[in-house]
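Observations on the model geometry
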Amino acid sequence: MKDLSDIKAQQEGQGFQFPGEFEITAMGNASADLKARVPQILEGIGLHVLHETVKHRHSREGNFLSVTVSFRCETREQYDLAHTALRADPDIRYTL
């Protein structure tokens, strides 16, 4: 699997531009109150969460929940840290 830092834009002006506003989705256990926890985790690492963008969706069986939220970050390192912090939570299975 490629390391995210190795991915480069094919043309100038494409790809991630920092600082910027980004969206992240975390999927995990439906019983874990991820609607509240995902923004809290992101704020806990110093990111500015855009609370009005928080949306969620239950899986077909209702066992899992995906939470999508937008946030502002200044650097690629902060973006990577957002994924790392969310994945460290035992109730979050993966992030996109």
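Please read these numbers as outputs of a predicted model, since none were measured by experiment.

Structural notes on the packing of aromatic side chains
Scanning the model with the defined rule gives seven aromatic pairs in all. A centroid spacing of 6.1 Å and a plane angle of 40° characterise the contact between F16 and F18, whose relative ring orientation is tilted. Using a relative accessible area of 28% as the deciding quantity, one classes F18 as partly exposed. A centroid spacing of 6.4 Å and a plane angle of 20° characterise the contact between F71 and Y79, whose relative ring orientation is stacked. By the burial criterion, F71 is buried, and Y79 matches it. An aromatic cluster is present here, built from F16, F18, F22, F71 and Y79 joined pairwise through their rings.

Notes on the side chain of H83
In this fold, H83 is placed in helix α2 (residues 76-87). A relative accessible area of 7% places H83 in the buried class. Separated by 3.2 Å, the side chains of H83 and Y79 make a polar contact. Setting aside chain neighbours within four positions, we find H83 in contact with I24, T95 and L96.

A look at the environment of A36
Residue position: A36 is located in helix α1 (residues 34-44). Exposure remark for A36: the relative accessible area of 27% places this residue in the partly exposed category.

Re the nonpolar core
Grouped together as the largest cluster of nonpolar side chains are 20 residues, with contacts concentrated most on I24, L34, V38, L42, F71, L86 and I92. When residues of this core are traced back to their parent elements, those giving at least two are β1 (20-29), α1, β3 (64-73) and α2. Setting aside residues up to four positions removed in sequence, I92 forms contacts with A26, M27, G28, L34, V38, I41, L86 and R87.

A few points about the sheet that holds strand β4 (residues 92-95)
As summarised here, the arrangement of the four strands in space is β2-β3-β1-β4, forming an open sheet in which the pairing is antiparallel. The sheet terminates laterally at β2 (48-58) and β4, the two strands that pair on one side only. Averaged over all pairs of adjacent strands, the angle between their axes in this sheet comes to 25°, without regard to strand direction. Both β1 and β3 contribute to a ladder of ten bridges, which runs antiparallel. Bridge pairing in β3 links N29 to F64.

Section: the side chain of N29
By the secondary structure assignment, N29 is in strand β1. There is a polar contact of 3.0 Å between the side chain of N29 and the side chain of D91. Residues in contact with N29, not counting those within four places in the same chain, are L34, N63, F64, D91 and R93.

Definitions and limits used
- Residues numbered from 1 in each chain as written.
- Predicted model: local features only at pLDDT ≥ 70, side-chain atom pairs only at ≥ 80, totals over all residues.
- Heavy atoms only, no water.
- Phe/Tyr/Trp six-rings, centres within 6.5 Å; stacked < 30°, edge-to-face > 60°.
- Buried < 20%, exposed > 50% of the residue type's maximum accessible area, 1.4 Å probe, protein only.
- Helix = DSSP H or I, 4+ residues; strand = E, 2+ residues; numbered from the N terminus.
- Polar contact = N/O pair within 3.5 Å; in protein donor to acceptor, adjacent residues only side chain to side chain.
- Contact = heavy atoms within 4.5 Å.
- Core = buried A, V, L, I, M, F, W, Y, C linked by side-chain atoms within 4.5 Å.
- Pairing = 2+ DSSP bridges.
- Axes fitted to C-alpha atoms, helices over the stretch in contact; angles between N-to-C directions.

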